[in-house]
Every structure is written in structure tokens, then in C-alpha cells.
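# What the coordinates show
Next come the chains, spelled out residue by residue.
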Amino acid sequence: MRSDIRASFGLKVAAIGGLLFLHLPILLIFLYAFTTEERSYQFPPPGLTTKWFAVAWAREDIWGPLWLSMKVAAIATGLAIILGTLAAAAMARATFFGRNQITLLIILPIALPGIVTGMSLRSAFALADIPFSMWTIILGHATFCIVIVYNNAVARFRRLSGSIVEASADLGANGFQTFRHVLLPNLGSALLAGGMLAFALSFDEVIVTTFTAGTGLEAKTLPIWMLDELIRPRQRPVTNVVAIVVFAATVLPILAAFYLTRGGSETAGSDK
Amino acid sequence: MTARAILPARGPADRLTALFWRRPNLLLLLLVSPPLLWLGLVYLGSLAALLLQSFYSVDEFSGLVTEELTLKTYGELLRPENLDMILRTVLMAALVTLAAAVLAFPIAWFAARHARGPWKAIFYLGVMLPLWSSYLVRVYAWKLILAKEGIVTWAAEATGTGFVMNGILALPVIGGNSLSTSYIGTFLVFLYVWLPYMILPMQAALERVPTTMLEASADLGATRGQTFRTVVLPLAMPGVIAGSIFTFSLTLGDYIIPQIVGNSARFIGLAVYQQQAYNLPLAAALAMIPIVIMVIYLALARRAGAFDAL
């Protein structure tokens, strides 16, 4: 069947069309950040201006959420890197009782819909009388970020040859020296890639966050700020400027993660 | 003088290393317990709290949660408007899943079997980026597209097909004032946002279809259509089912999209979010619905062998 070697015209059109369907809508976000019309989504924009970037910069209510989102994503990613790496180190080679159940437990927070994870945490905070704060947001984010780091790290651990650890021990290194000088340099890029993906995921997470942030102003992450603007729009182009920032803050780490792990069998992100 | 076979321990780090060497299970336990404690405490604990909360009820007069086990809250789920909502959500999830499978197939097939060199990377990133990049921004993009004064209306008028648009919007139930306030709009956004989740597992399954099988099918005289129906589709099915788990589950649990694009009809996720402010037990009981549906779905998928393709 020749068609397997050369794609038919129809297939090419459908495949490339599908890919464009996935990407073209984002361009509108960029276009509308420059429109002079702030009350509707009129197309084509009546005029173009760059003033909204300055307006967004001057808006006090954006900096707090931006800073909070950065902090939450950084701390959640840090926790996820530690916990995910530990889990990966234990699970990579060893077989033990309950191993499959532990794998399931690690995947569950991302496998169940966000609303379930969010509502579960919300119920737990209510039952335990835990007040909402930045830490309740981090608790939720770290939980679903563990699996991201774990997936990247476990693939790298499996690929690493066990003999380098033995060689290190034969040369007199203790376990900690082996970790510091042999394992860590080999794991580095996989952990970095996992961390980048976890950061991107946390930075833009909104569903779980709405359940764990409470209603206070001090607990407003950037995605929650954006959600508010979408439901009750004020200066619409400003929302677009922020959307561009959020988009960049998630796309750049993903590209970096792809670059860090390219060519390997465990290219980052192939299993969300 | 005898050579020392064992070097002296240089400090606590060496002694610990020796201990771990003698008892590898101890090391394993130390490694696995922090993540296990976190997930067990935070996650399983929360799920248990959800289950417990769903058996509580709210006192109608005080509005406070009564911490006594009762089935009253689950009884509220059986009200006709709630049953409607469950049906509506499941129907939407099923339609989104079907449409995603149809739309994803050519992309997955091309990426798996035809893309070479730079195209391989383009397709890989082209699917991966939307999967990971900001969900909210991508939903917002569709609010811009579907708005009454937006690009779709403009394009329809510019091409003289405005009457088609009006015809579609005039359809009962799925139509509406504009695309951004209709079921069609909600459906399109769901489809757009979850499509990458269908492409990836499908592509993984298609990559494993051996070329020799396609050749054998052709040698035996099958047309392309026959090969597709009798060889490719059955082999790709586990991937399709794996992808459908994502699209189905994500649609079932989403509450942002129907809130931003749609006719304000309630979906399960939206109901959970609205109730959590007033009636925590009811919100918890509502959140149990997607769990139950997904457990049933996963059991069916498992039987179909979907987990080999994950």
C-alpha cells in the first residue's frame, strides 16, 4: 500500500488543519491586546495601540496576584521536586509489595478531574478547620505536581546504568557522595525539565486553586484574577496583556523542558 | 602485615551508607515514605474528607453543617433538575469525546506514520504546547472568537454566509443569541481544549501498528477503507479509549468553560463550585458523581485493554 509511505493530500490537509486549529486561536489573544476598543470584542479592531501595556503595568491589582502566583509555583515546584525525586528513586528499580498501588496513588491527583481534587481539599480544610492561606494553595499544587517530576525522574533513573553507582562505591564514595557527584549530574536535566513543567502547570492552574484559595484578596493568584476579569470584564485589552504574560510564563518553561530532554526516550511532557 | 579489606568509616555518612548496603529495604522505606506520607495524608485524607462530608447535611434553618451521617444529601441529587444536569454533562462529555476522536485521528496518523525530520518535532511540539500551556488563556481566546461582534460573525458576513450562521443559531436547544452563549460554543471550546489529550495516546497506539500488517492487508486485496476498518482501527482502539478517558473525565469535571462560554445551563462541575459556598455536603455529594462515573468508565476501558497504551 503506497499510501503508507506518502500521505495523501486529504490527510495532509486534515492533519495540518488540525494543528492550525490548535494554535491559531492564541493569535487573537495577541491581536486584541493592541485594540483600541475596550468594551467589546469587535473584529476587526477599529484601531491599534500599544497603550494597554503601559496601563497594565500601572494597574496595582495585577502585581499582587502575579507575585503570589510566582511564589506559589516556585514553592510547589520545589516541594514536588523533592517528593517526586524520592518517589522515583524508590520506584525506578525496586519491586516490592504495594508498588502498583503507590504508582496509582502518585498518578491519582492528576487523573481525577480537578474539581474532585479541589473539592476534596476544600472538604478536608473545612473538617479540620484549616483557614485558607497561600499555604493551602501550595498544598494542592504540590500534590498534583509530584507526578510531573516523578514521570521525568523515573524515566531517567531507569535509563541510568546501575554500574556507575557501583563504580562510585568501589572507588570509595559513600552514598551521599555518590548522590552528589554521580547521580545528581545525571539526573539534573530530567529534574529541571520536570520542575519546569510543574512550574508551568502550577502557574496557570485555576480549578483546584479556586477551591483552596478562599475568597480573600491576598489569596488571588494571577489565573484567578484573570477568571474574575473574564466573568466581569473591565478593561478587556488589559486582560489580554496579562494573558500574554501567563501564556509566556507557561510556554517558555515547556519549550525549555523539551529542549532539555530532547532526543531521549523520555521526552518531557509525553505523559501529563 | 595484612592488607585491610574494609576501609575504616570516615564519619556518619559512611556508617549510614554501610547500613543501607546491608539493609536495602531500610533505604527504600526512607525514600518512599515522605512522598507516601504526603500523598496519603493530603490526598487520600482529602478524598476521605470528601466522602465523609457528602454524608453530612446542612440544617435548613441555620445553614450550618450538621455533622451526623445521613443519606439526605444524596437524596437531593435525585431531584429532576439535578438528574437533568447529570444527563447534560455526560452527554456533553460523550459528544466531545466522539468529536475529539474523529478530529484527532488524521493528526495522530500523520504524526505517527508520515512526519519525518523537522515535521516530527513540529507535530510533537504542536500537540504538546497546547496540552501544557495556559488553559485559561486558551479558553479566553474562544470568548474572543465566538463573541457576537467577533471574528466568526465577521467572517460569515464577509463571505456572505451570514444566513448560515443565523440558521445555526436559530436551532432549538443548541442555538442561542450568539455562539458564545450557546451549547455549540461550549462544545467547541471543550473540544479545542481537550483535543491534545486525545491525539497523544492515539499517536502512541498508531506508532505501534506494524507497517507489514498494512502491507499484508493490501497484498490480500483490501482497499484502503477495508484496511482502515479491519486492521488500523482495531489496533488503534486501545489508544482511542485511553484518550477518551482524558477527554471524558476532563469534560465531566470542568466548570470554567461552561461559566465563560455557554448559556448558563448547569454542569456538574459548575454545580459543585456554586454549592461549595453555601452547602458543602451537597457540593461534596455532587463531586462524588464524576468519581462514580469515571470508576465505571475506567472499569469498562480496562476490559477493552486501554491501559496497555497509556
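Let us look at the structure shown here.

Calculation notes
Residues numbered from 1 in each chain as written. Chains lettered and ligands numbered in written order. Predicted model: local features only at pLDDT ≥ 70, side-chain atom pairs only at ≥ 80, totals over all residues. Heavy atoms only, no water. Helix = DSSP H or I, 4+ residues; strand = E, 2+ residues; numbered from the N terminus. Buried < 20%, exposed > 50% of the residue type's maximum accessible area, 1.4 Å probe, protein only. Contact = heavy atoms within 4.5 Å. Areas by Shrake-Rupley, 256 points an atom, 1.4 Å probe, with all protein chains shown as cover. Lys, Arg positive; Asp, Glu negative; His and termini not counted. Charge placed at Lys NZ, Arg CZ, Asp CG, Glu CD. Rg over C-alpha atoms; globule rule 2.2 N^0.38 Å. Salt bridge = Lys/Arg side-chain N within 4 Å of Asp/Glu carboxyl O. Phe/Tyr/Trp six-rings, centres within 6.5 Å; stacked < 30°, edge-to-face > 60°. Patch = residues over 30% accessible without salt bridge, like charges linked within 9 Å, V, L, I, M, F, W, Y side chains within 5 Å. Polar contact = N/O pair within 3.5 Å; in protein donor to acceptor, adjacent residues only side chain to side chain. Buried area = accessible area lost by both parts, 1.4 Å probe. Nonpolar A, V, L, I, M, F, W, Y, C, P; charged D, E, K, R; others polar. Axes fitted to C-alpha atoms, helices over the stretch in contact; angles between N-to-C directions. Left-handed = near helix turned anticlockwise from the far one by under 90°.

Glancing now at the overall build of chain A. A tally of helices and strands in chain A yields 11 helices and zero strands. Its C-alpha atoms put chain A at 70 × 65 × 30 Å along the principal axes. Within the span of chain A, comprising 272 residues, buried residues form 53% of the whole. A separation threshold of at least 6 residues defines the contact pool for chain A, and within that pool the share at least 24 residues apart is 73%. Total accessible area computed for chain A in this model is approximately 11,900 Å², and 66% of it derives from carbon and sulfur atoms. Put simply, chain A has 20 plus and 15 minus side-chain charges, and the middle of one group is 7 Å from the middle of the other.

On to the overall build of chain B. What chain B contains, in helices and strands, is 14 helices and two strands. Against the 2.2 N^0.38 benchmark of 19 Å for 310 residues, chain B shows a C-alpha radius of gyration of 27 Å, more extended than a compact globule. Reported as C-alpha extents along the three principal axes, the dimensions of chain B are approximately 100 × 75 × 35 Å. Within the span of chain B, comprising 310 residues, buried residues form 51% of the whole. Across chain B, contacts joining residues at least 24 apart in sequence account for 68% of those joining residues at least 6 apart. As displayed, chain B has an accessible area near 15,100 Å², and 69% of this comes from carbon and sulfur atoms. Separation of charge centres in chain B, based on 20 positive and 15 negative side chains, amounts to 14 Å.

All names here are of chain A. Scanning the entire structure with this criterion turns up seven salt bridges over all chains. Among the ionic pairs, Arg 59 bridges to Glu 229, the shortest N-O distance being 3.9 Å. Of this pair, Arg 59 sits in the loop between α2 (51–58) and α3 (60–91) while Glu 229 sits in helix α10 (residues 222–231), placing them 170 residues apart in sequence. Take Arg 59 and Glu 229: they sit in the same class, and that class is buried.

Residues and elements named next belong to chain B. Scanning the model with the defined rule gives 23 aromatic pairs over all chains in all. Here Trp 142 and Tyr 192 contribute two aromatic rings whose centre-to-centre distance is 5.3 Å and whose plane-to-plane angle is 50°, an arrangement assigned as tilted. Remark: Tyr 192 occurs in helix α9 (residues 183–207) and Trp 142 occurs in helix α6 (residues 135–146); sequence separation between them is 50 residues. Taking the relative accessible area as the measure of exposure, Trp 142 reaches 7% and is therefore buried. Take Tyr 192: its relative accessible area is 0%, and that puts it in the buried class. Aromatic pair Phe 248 and Tyr 297: ring centres 4.5 Å apart, planes at 20°, arrangement stacked. Here Phe 248 is found in helix α11 (residues 224–253), whereas its partner Tyr 297 is found in helix α14 (residues 280–303), with 49 residues between them in sequence. Given the relative accessible area of 7%, Phe 248 is considered buried. Feature note: the residues Tyr 135, Trp 194, Tyr 197 and Phe 246 constitute an aromatic cluster, connected by ring pairs.

Despite not being glycine, Asp129(A) shows a phi value in the positive range, around 55°. Inspection of the secondary structure assignment puts Asp129(A) in the loop between α5 (114–127) and α6 (134–159). Phi at Ser264(B) takes a positive value of approximately 60°, unusual for a residue other than glycine. Here Ser264(B) shows up in the loop between α12 (256–260) and α13 (268–275).

Another aspect to go through is a nonpolar patch on the surface. On the surface, Ile16(A), Leu20(A), Leu24(A), Leu27(A), Trp119(B) and Ile122(B) cluster together to form a nonpolar patch covering roughly 540 Å² of accessible area. Secondary structure elements with two or more residues in the nonpolar patch: α1 (9–32) of chain A together with α5 (118–132) of chain B. Broken down by element, the nonpolar patch gets its largest block of residues, four residues, from α1(A). Mapping Trp119(B) onto the fold places it in helix α5.

Helical periodicity: at 3.6 residues per turn, an α-helix aligns residues three or four positions apart in one direction. Of all eight residues making up α13(B), six are buried, and the element is well covered by its neighbours. Among all positions in α13(B), only Ile268(B), Gly269(B), Leu270(B), Ala271(B), Val272(B) and Gln275(B) are buried. Buried residues along α13(B) sit in contact with α5 and α9 (207–212) of chain A together with α4 (80–113), α11, α12 and α14 of chain B.

Time to look at the side chain of Arg156(A). All names here are of chain A. Within the fold, Arg 156 resides in helix α6. By relative accessible area, which is 7% here, Arg 156 ends up buried. Engagement of the side chain of Arg 156 in a polar contact is seen with the side chain of Ser 189, the distance being 3.0 Å.

Tallying the contact residues gives 90 residues for chain B and 92 residues for chain A. Buried area between chain B and chain A, summed over both chains or domains, comes out near 8,300 Å², and the portion from carbon and sulfur atoms is 79%. For chain B, the biggest contributors to the area lost against chain A are Tyr43(B), Trp132(B) and Tyr140(B); these three give 11% of the whole. In this assembly, chain B and chain A are joined by zero salt bridges. Viewed at the interface, chain A and chain B are joined by 12 residue pairs in polar contact (both at pLDDT 80 or more). With 18 residues, helix α2 (residues 24–54) of chain B is the single largest residue contributor to the side of chain B that touches chain A. Looking at the side of chain B that touches chain A residue by residue, the classes come out as 65 nonpolar, 16 polar and nine charged.

For the pair α1(A) and α9(B), the least separation of the axes is 10 Å and the interaxial angle reads 145°. The two elements α1(A) and α9(B) cross, and the hand of that crossing is left-handed. Contact with α1(A), carried on its side by Phe21(A), Leu22(A), Pro25(A) and Ile26(A), involves Tyr192(B), Leu195(B), Pro196(B) and Ile199(B) of α9(B) and no other residues of that element. Looking at side-chain class alone, the contact of α1(A) with α9(B) contains eight nonpolar, no polar and no charged residues.

Turning next to the side chain of Ser202(A). All names here are of chain A. You can see Ser 202 is positioned in helix α8 (residues 175–203). Judged by its relative accessible area of 2%, Ser 202 is buried. Aside from chain neighbours lying at most four places away, what touches Ser 202 is Val 72, Ala 73, Ala 76, His 141 and Cys 145.

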